[in-house]
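# Results of the structural survey
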Amino acid sequence: MQAVDKTGVEIIMNNAIREYSLIKEMADYLKEKAGDFVPYVLAILGSGLGNYVKSESVRIAEEIAYSEIPGMPVSTVHGHAGKFVLGYVGEIPVLFMQGRIHLYEGYSEQEVVRPIRAAKLMGVNKLILTNAAGGVNLSFKPGDFMFITDHISSFVSSSLRGENIDRLGTRFPDMTEVYSVRMKEVYDKAVSQIGAEPKMGVYLQTPGPQYETPAEIRMMRNLGADAVGMSTVPEVIVAVHANMRVFGMSIITDLGVEGKIVEVTHEEVQQVANSVQPKMALIMRELISTL
Ligand code: HPA
């Protein structure tokens, strides 16, 4: 990318500088649009979970379509709305992403996580992630909630790949405690209150978009995974890099368990996720008010 320095000489911007300026441009645009609304939390709503913002527990202040935001990739997946929703949960201002950006859509690692970094530049330090995931753990069933305790992303290229953006975080971030342990208690209590059993486990990220073969599911179980999905980890990694507190929750929408494997379709995944939304609304309210 070409830019001009103070003396009018053209300079080549390196990738980290270019990326940072795109993130900043996005953050400035969102700030301007948000006005007095200063978000405290960024909450990403996964497949089939986007309608949460229409529930009684969210008071919507503003909506901003991804397509109008400079530097923002646009969600191409059917059923993913593609907008930011600025809404209050109780008194807490939350920036919602209704529709996330996935690597399998063809976007680069940097593009996928740009909105998380923009939120950081807006002053947001808390991130809540939700996703629809396949059950790998033999005891899971569709409709279960899983608190993400840890992740495996070793097979997918890192969202920190490329020149480090030093202004956001360190080159080699530690990943010993990625998911907020403190939130586990809040999650347990919230899930118990809705009469469900609180589950927890390790989320394994695949590049997608294809679902897994039975052999892959067996391998994932042997590796220690409890659920599998195509998202979340890229966002989590840049959040930890930028020193944000992270909470992640999967909705188990289908099972890769021998004897229980059924063919998965995107529509079924969305249907199951959609059906748990009333329960999820209650859990989200507890989480957001405690984060
Ligand atoms: N695999 C990967 N991603 C998913 C699945 C699955 O079974 N279900 C929902 N998202």
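Higher on the page you've got the structure.
No experiment lies behind these values; they were computed from the predicted model shown.

Taken together, the neighbourhood of the ligand is formed by A132, A133, G134, Y211, E212, V228, G229, M230, T253, D254 and V269. Note that a nitrogen atom of the ligand is positioned 3.2 Å from one of the backbone N or O atoms of A132. T253 places a side-chain nitrogen or oxygen 3.4 Å from a nitrogen atom of the ligand. For the ligand, whose accessible area on its own is 260 Å², the fraction buried by protein is 94%. Of all the cavities here, the one that holds the ligand is the largest pocket. For the shell around the ligand, the element with the most residues is strand 7 (residues 126-135), which contributes three residues. By residue class, the composition of the shell around the ligand is six nonpolar, three polar and two charged.

The next thing to look at is the packing of helix 2 (residues 109-121) against helix 5 (residues 233-241). It is at 9 Å that the axes of helix 2 and helix 5 come closest, and there the two elements cross at 40°. Comparing their axes, helix 5 and helix 2 come out oblique. Crossing handedness for the pair helix 2 and helix 5: right-handed. For the pair helix 2 and helix 5, contact is made by V112, V113, I116 and R117 and by P234, E235, V238, A239 and H241, respectively.

Right, let's talk about the pairing of strand 6 (residues 92-98) for a bit. Counted residue by residue, strand 6 has seven buried out of seven residues, so it is predominantly covered. Every second residue of strand 6 is oriented toward a common face, with I92, V94, F96 and Q98 on one face and P93, L95 and M97 on the other, all of them buried. Relative to strand 6, strand 3 (residues 41-45) runs parallel, the two being bridged by five bridges. For L42, the partnering residue across the bridge sits in strand 6 and is L95. Here strand 5 (residues 83-89) pairs with strand 6 via seven bridges, running antiparallel. Within strand 6, the position partnered with Y88 by the bridge is P93. Hairpin connection of strand 5 to strand 6: two residues between the antiparallel strands, including G90 at a positive phi of 65°.

Turning next to the layout of surface pockets. Here the largest pocket is characterised by a volume of approximately 320 Å³. Taken together, 22 residues line the largest pocket, and the ones lying closest to its centre are S47, Y104, A132, Y211 and M230. Among the secondary structure elements, those contributing two or more residues to the lining of the largest pocket are strand 7, strand 10 (227-229), strand 11 (245-255) and helix 6 (266-275). In terms of residue count, the dominant contributor to the lining of the largest pocket is strand 7 (four residues).

Turning next to the pattern of salt bridges. Applying the stated criterion across every chain, the model contains nine salt bridges. A salt bridge links E68 to K33; the nearest nitrogen and oxygen atoms lie 3.2 Å apart. In this pair, E68 sits in the loop between strand 4 (59-65) and strand 5 while K33 sits in helix 1 (residues 15-34), placing the two residues 35 residues apart along the sequence. Overall, K33 belongs to the partly exposed group, its relative accessible area being 34%. Between K141 and D144 there is a salt bridge, with its nearest N and O atoms 3.1 Å apart. K141 gets classed as partly exposed once you look at its relative accessible area, which sits at 45%. In the salt-bridge network here, residues are joined through shared partners; they are K141, D144 and K199.

As a further point, take the packing of aromatic side chains. For the structure on display, the rule yields six aromatic pairs. Ring geometry for Y52 versus F96: centroids 5.7 Å apart, planes at 70°, classification edge-to-face. Of this pair, Y52 sits in the loop between strand 3 and strand 4 while F96 sits in strand 6, and the two are 44 residues apart along the sequence. In textbook terms, an aromatic cluster arises when at least three aromatic residues are bridged by ring pairs, as seen for F147, Y187 and F247. Over the ring of Y20 we find R167, and its NZ or CZ is 4.0 Å from the ring centre. The aromatic ring of F147 is capped on one face by K184, whose charged end is 5.9 Å from the ring centroid.

Reading the values: the criteria
Residues numbered from 1 in each chain as written. Predicted model: local features only at pLDDT ≥ 70, side-chain atom pairs only at ≥ 80, totals over all residues. Heavy atoms only, no water. Near = heavy atom within 4 Å. Polar contact = N/O pair within 3.5 Å; in protein donor to acceptor, adjacent residues only side chain to side chain. Areas by Shrake-Rupley, 256 points an atom, 1.4 Å probe, with all protein chains shown as cover. 1 Å grid on protein atoms, 1.4 Å probe; cavity = no way out; pocket = protein on both sides within 12 Å on 5 of 7 lines; lining within 4 Å. Sits in = over half its atoms within 2 Å of the grid points. Helix = DSSP H or I, 4+ residues; strand = E, 2+ residues; numbered from the N terminus. Nonpolar A, V, L, I, M, F, W, Y, C, P; charged D, E, K, R; others polar. Axes fitted to C-alpha atoms, helices over the stretch in contact; angles between N-to-C directions. Parallel < 35°, antiparallel > 145°, perpendicular 65-115°, else oblique. Left-handed = near helix turned anticlockwise from the far one by under 90°. Contact = heavy atoms within 4.5 Å. Buried < 20%, exposed > 50% of the residue type's maximum accessible area, 1.4 Å probe, protein only. Pairing = 2+ DSSP bridges. Points joined across faces, edges and corners; volume = space filled by probe spheres on them. Salt bridge = Lys/Arg side-chain N within 4 Å of Asp/Glu carboxyl O. Phe/Tyr/Trp six-rings, centres within 6.5 Å; stacked < 30°, edge-to-face > 60°. Lys NZ or Arg CZ within 6 Å of the ring centre and 35° of its normal.

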